[in-house]
Amino acid sequence: MWDALPDAARSIVKELIIHGPQSRTALSRTLHLSTGSLTRLTKPMVDAGLLVEGDVVHDPVNGRPTRPLDVAAGEHRFLGLKLTADRVYAVVTDLRAEIVAARDEPIGDHSPSAVCDQAKRLLDELSGGAGALVGAGVTVGGNARASAQVGGERLVDAPYLGWWQVELKPLMERALGVPCVVKNDVAALAHQHHWFGPGRGLRDFALVTIGAGIGYALIVHDHLVAATEADLGMFGHLVLQPGGPMCPEGHRGCAAAYLSGWSVEATAGHALRRTVTYDEVMRLATEGDRVCLGVVREAAQALGRLIGHVATISMVKTVILAGEGVELARIAKDDLARALTENRRDVPGSVDVVIEADDFREWARGGAVVAIQSFVTGSD
Ligand SMILES: [Zn+2]
């Protein structure tokens, strides 16, 4: 159904998905279409059940009675998947990326075909109820990159899964029986935040994720800035404090050396002379343990400097923080804010820092959003 839509019709659908039901007058104004064109474009979509008309209200633009248009959000389903080193997170959403069902479980067999079969089984367990599955979005960390192969199929390297040059898209499409799109997980999360999260309504923002690695995505003028493998790998190794602690690649004082999960665990573990998990470091810091609080505060200061660099060079005014390591920013919020301000010529409040909840379902939801963009609205 969605395949045959002209671009102008897709822009109407996109507007309704992001901003909710609207009158034809408001839509034609926003999208610079004549009311005649709008009627011509929307009628077949209403007839096909892609759009629905609401109850009669008075048009806020001209006061006339009107029936606002909306997408039939509940009629269409999308599968979003996030693959980590040891778990698969799956959500089924509607056309507004609202989660209708979610599930996660350990990855059994790490081979690509086994993971695709596992995804199919999860989908079977999750679906049920109304709505037809339109497509799936699979998000992986590391690199989803284009290859030079005939047909331009994207090959996926996911070192943490032991995958190199995997043709994930066709494998997943065969397993699931619907069209699939494969994306970098941080990019997908940025799209999710842009359309349905704290980035909604913002034309420009940056997303920084803290976890096993440090991730970065930049939305400028409503579009994601395209990043190469090299770009993605460099951000986490930006040097923040020459002479600081060393990362496994041998940089002193890079972002990863302060912020990645392993460095927080290693620094705290070294001082405590025992093995500690990330969560334990955060808990001890919250309870006032001096060693752990010191590690967390130092990491938060480094994060403040990093956000300062991001804002100064990209000129975005909002930086969203997400990922499973985001707790350190919450615990040492004041240290982060102070370091950020110092890095911005002591101008306070020049950057809005939004700390998101650590929830892998949001990453899986990012997969559903890139599926919506790929198979319905046709753009980011
Ligand atoms: Zn480094």
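Residues numbered from 1 in each chain as written. Predicted model: local features only at pLDDT ≥ 70, side-chain atom pairs only at ≥ 80, totals over all residues. Heavy atoms only, no water.

Draft legend 1. Molecular detail of the coordination of the zinc ion. For the zinc ion, every protein donor is listed as H237 (ND1), C247 (SG), H251 (ND1) and C254 (SG), and the spread of their distances is 2.0 to 2.3 Å. Around the zinc ion, the four donor atoms are arranged such that angles at the metal cover 95 to 131 degrees; this shape is classified as tetrahedral. All donors to the zinc ion come from one chain, and their sequence spacing reads H-x9-C-x3-H-x2-C. Within this pair, whereas H237 is found in the loop between α7 (229–235) and α8 (255–259), its partner C247 is found in the loop between α7 and α8, the two being separated by ten residues in sequence. By relative accessible area, which is 4% here, C247 ends up buried. (Donors = N, O, S within 2.8 Å, 3.2 Å for Na, K, Ca; no water. Tetrahedral: all angles 85-135°; square planar, octahedral: opposite > 155°, others 65-115°. Helix = DSSP H or I, 4+ residues; strand = E, 2+ residues; numbered from the N terminus. Buried < 20%, exposed > 50% of the residue type's maximum accessible area, 1.4 Å probe, protein only.)

Draft legend 2. Just empty space enclosed by the protein, in detail. By the definition in use, this model includes one cavity of 30 Å³ or more. Taken as a whole, the largest cavity spans an internal volume of roughly 40 Å³. Lining the largest cavity are L189, H193, A322, G323, E356, A357, D359, E362 and W363. Put simply, the parts of the chain that give the lining of the largest cavity at least two residues each are α6 (185–196) and α14 (360–377). Residues that form the lining of the largest cavity fall into these classes: four nonpolar, two polar and three charged. (1 Å grid on protein atoms, 1.4 Å probe; cavity = no way out; pocket = protein on both sides within 12 Å on 5 of 7 lines; lining within 4 Å. Points joined across faces, edges and corners; volume = space filled by probe spheres on them. Nonpolar A, V, L, I, M, F, W, Y, C, P; charged D, E, K, R; others polar.)

Draft legend 3. Looking closely at the packing of aromatic side chains. Scanning the model with the defined rule gives three aromatic pairs in all. Aromatic side chains Y89 and F360 sit 4.6 Å apart centroid to centroid with 25 degrees between the ring planes, which places their arrangement in the stacked category. Remark: F360 occurs in helix α14 and Y89 occurs in strand β6 (residues 87–93); sequence separation between them is 271 residues. In this structure F360 comes out as buried when scored by relative accessible area, which is 18%. Aromatic pair W195 and F196: ring centres 6.1 Å apart, planes at 75 degrees, arrangement edge-to-face. W195 gets classed as buried once you look at its relative accessible area, which sits at 2%. Geometry around W363 places K82 over its ring, the cationic atom sitting 4.2 Å from the centre. (Phe/Tyr/Trp six-rings, centres within 6.5 Å; stacked < 30°, edge-to-face > 60°. Lys NZ or Arg CZ within 6 Å of the ring centre and 35° of its normal.)

Draft legend 4. Region of interest: the pairing of strand β7 (residues 99–106). Relative to β7, β6 is paired through seven bridges, and the arrangement is antiparallel. Considered in β7, the bridge of T93 is made with I99. Hairpin connection, β6 to β7: the antiparallel pair is bridged by five residues, and A97 has positive phi, about 60 degrees. (Pairing = 2+ DSSP bridges.)

The values reported here are purely geometric and, on their own, carry no functional implication.
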